[in-house]
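Commentary on secondary and tertiary structure
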Amino acid sequence: MPSSSYVSLFDSNMTTPALLPLSGRRIPTLSPGAASFPHHRATLRLSEKFILLLILSAFITLCFGAFFFLPDNSKHKRFDLGLEDVLIPHIEAPKGAKHPGMVPGFLQAEEEESLRDKIRVDHERALQEAKEKLRKSRDELRAEIQTEKSKVVEDLKKKKEVPKPLPPVPMPKVVGVNDGDPVEPDVKEKRDKIREMMKHAWDSYRQYGWGHNELKPLAKKGHSTNIFGNSQMGATIVDALDSLYMMGLHDEFKDGQEWIEQNLDFSVNAEVSVFEVNIRFTGGLLAAYYLSGQEVFKVKAVQLAEKLLPAFNTPTGIPWAMVNLKSGVGRNWGWASAGSSILAEFGTLHMEFVHLTYLTGNPAYYQKVMHIRKLLAKMDRPNGLYPNYLNPRTGRWGQHHTSVGGLGDSFYEYLLKAWLMSDKTDTEARKTYDDAIEAIERHLIRKSNGGLTFIGEWKNGHLERKMGHLTCFAGGMFALGADGSPDDKAGHYLQLGAEIAHTCHESYDRTVLKLGPEAFKFDSGLEAVAVRQNEKYYILRPEVIETYWYMWRFTHDPKYRQWGWEAAQAIDKYCRVSGGFSGVKDVYSSNPTYDDVQQSFFLAETLKYLYLLFSSDDLMPLESWVFNTEAHPLPKERAQTIVEWRGLEQ
């Protein structure tokens, strides 16, 4: 923070010009032949030297004392006299004067008298102020100092540089942001129930965790994790805005908007996850802007994006996993394969950054994400698969571990959605997606002995027959990408999406609570069941319901609404508490314990996808909107706009 400094006229280090010792001064000698005066001494006695020194010292002290008591006036100017800087009052020269700023020796008599009067008045005022200060108590002086400090802080805030106004850009035509009322009364009743669950989650957060990132619904207080650093940035508020808007909860939306206007500040000393903050905050703010048209959301999104850009300052341009919003210093997670960046993190920036370039006119955002794509295109891929780890210093793959679940998932999702968002003109993204899915089908997708299709994980040349809850999003991705598939394989990928949806439903149906575990295996006679205790939890995740919604939109098969309603009922029965909704630690136990966290993505994704599942298709039509990986909808852009952006990548 810039600070002003005040320099004392005379400090303890200030010294006077050195006086040569008298013993070192030479007295001129008489020339030969001159009359001599033997009674005159050629040198001074020691006592005379001492007296002379005292006189000189007194004179110097008097001079400096006089200058010390001159009033501190901003109208004084410095004049360099060679050895010292002496303060001389500055007098404005009369109009037409040849020498403006003349020193007092050249002033007229009346001007000198006026100057003396002014100095006398200033001197008396300064003495009076000093006397008043001395009369005050210590507490009064402290209070006065604190008041002055507060005033300085306020002045500095006011003097902060005003953000550069964003260029005016056409607002994309938004359709299907309201209504969506289903025709069937029973479906409408279910949708109303989802809205009520949303209101309970929001109201609980509003009451017990307002301004915090998330909520502890049992302890009834705020909660945060290291992905948000140590700062209270209201993650739940930003993440939930578009859900509130879609559900017609406009009073709640307005409360969130007011908090963002007054409190959301990204110039904080907090180390955050670039990925999580991008998908939740940048995505959430952009979606809120496009839905409501309120400029504050666009401005805040751009302010955050500027804070994320330093994360790309690596030798390869692959961003760090974390960045300090204040200092711009980045680093990677210590556990991530010898300091590697993670595929799903640096590969899940494209959608938001393309929109940032559109809204700001700044090509840097688009160039950053396109550079990542170009770098990956040049690299060798083992068996055509993308490993989950890439070292940002060397540009080499880390551990050869490939997953469509955690660490890899949204990289593939954003390749497909980059193509969709470009109005299907970004053919490079589509081909990269198709090639990746072909390799995934060849090496990772298998059928179990019981006929369940699952997506395993590739580790060092071997397939691990385990599927995570996060991987269940892929059913919806396959269905979304079916149209436009090569070799007329649209039907194949729609069927593949349906098979993944069925497998994930089985992982829910085979538990006591009818809620899915974090991960489940397909070996040793067990299918779609969690084995380890640390994989039996459910933390309000949305991926299975997300796939149900996409499959409903593309097939209108009623089983997807039925499966979604089963999940909604289970959440309401086993996860609902008086202070909100909580995850549970064991979905196979009839008496589960709570983890006491209401995740922000529960409001952003889980409840939103349930609400859309029981709405008509004209609410957020997929022909007009593309959802980011946090379920924040962004409008499809005109093909011409994307073509113009593609000219920026150089």
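Please read these numbers as outputs of a predicted model, since none were measured by experiment. (Residues numbered from 1 in each chain as written. Predicted model: local features only at pLDDT ≥ 70, side-chain atom pairs only at ≥ 80, totals over all residues. Heavy atoms only, no water.)

1. Observations regarding the overall build of the chain
If you tally the helices and strands in the chain, you get 19 helices and 21 strands. Out of the 650 residues belonging to the chain, those deemed buried represent 48%. For the chain, the exposed surface amounts to about 32,800 Å²; the carbon and sulfur share of it is 54%. (Helix = DSSP H or I, 4+ residues; strand = E, 2+ residues; numbered from the N terminus. Buried < 20%, exposed > 50% of the residue type's maximum accessible area, 1.4 Å probe, protein only. Areas by Shrake-Rupley, 256 points an atom, 1.4 Å probe, with all protein chains shown as cover.)

2. Observations regarding the pairing of strand β17 (residues 526-529)
Sheet topology places strand β16 (residues 519-523) next to β17; three bridges connect them, and they run antiparallel. Across the sheet, residue F522 finds its bridge partner in β17, namely E527. In textbook terms, the turn of a hairpin is the stretch between consecutive antiparallel strands, and for β16 and β17 this stretch comprises two residues, one of which, S524, has a positive phi near 55°. (Pairing = 2+ DSSP bridges.)

3. Thoughts on the environment of Y208
Mapping Y208 onto the fold places it in helix α4 (residues 185-208). On the basis of relative accessible area, Y208 is assigned to the partly exposed category, the value being 25%. Taking C-alpha positions, Y208 is 5.3 Å from K220, a pair spaced twelve residues apart along the chain. Excluding residues within four positions of it along the chain, Y208 makes contact with L215, K220, K221, G222 and G579. (Contact = heavy atoms within 4.5 Å.)

4. Here's the deal with the sheet that holds strand β10 (residues 401-402)
Pairing within the open sheet is antiparallel, and its three strands lie in the order β10-β13-β14. At either margin of the open sheet sits one strand with a lone partner, and together these are β10 and β14 (462-464).

5. Comments concerning the pairing of β16
Among the five residues in β16, four count as buried, and that is most of the element. Sheet analysis places strand β15 (residues 466-468) next to β16, joined by three bridges and oriented antiparallel. When the bridges of β16 are listed, G468 appears paired with A519.

6. Side note on the sheet that holds strand β7 (residues 330-331)
Read from one edge to the other, the open sheet built from three strands follows the order β5-β6-β7, with strand pairing classed as antiparallel. Both edges of this open sheet fall to β5 (271-273) and β7, since each of them pairs with a single strand only. Bridge count for β5 against strand β6 (residues 322-324) is three bridges, and the pairing is antiparallel. Within β6, the residue paired with E271 across the bridge is N324.

7. Let's talk about the UniProt feature "active site" (unreviewed entry) in the chain
In this structure's numbering, the residues bearing the UniProt feature "active site" (unreviewed entry) are E276, D409, E518 and E543. Counting through the fold element by element, D409 comes out in helix α12 (residues 409-421). Taking the relative accessible area as the measure of exposure, D409 reaches 12% and is therefore buried. The contact partners of D409, leaving out residues within four places of it in the chain, are A344, S403, V404, L470 and F473. Residue placement: E518 occurs in the loop between α15 (490-509) and β16. (UniProt positions renumbered as here; feature names shortened; annotations may be inferred.)

8. A few points about the packing of helix α6 (residues 250-263) against helix α8 (residues 295-308)
Between α6 and α8, the shortest axis-to-axis distance is 10 Å and the interhelical angle comes to 45°. It follows that α6 is oblique to α8 by the angle criterion. Between α6 and α8 lies a crossing whose hand is left-handed. Two secondary-structure elements touch here, α6 through F253, Q257, I260 and E261 and α8 through V296, F297 and K300. Here the residues of the contact of α6 with α8 are counted per class, giving four nonpolar, one polar and two charged. (Axes fitted to C-alpha atoms, helices over the stretch in contact; angles between N-to-C directions. Parallel < 35°, antiparallel > 145°, perpendicular 65-115°, else oblique. Left-handed = near helix turned anticlockwise from the far one by under 90°. Nonpolar A, V, L, I, M, F, W, Y, C, P; charged D, E, K, R; others polar.)

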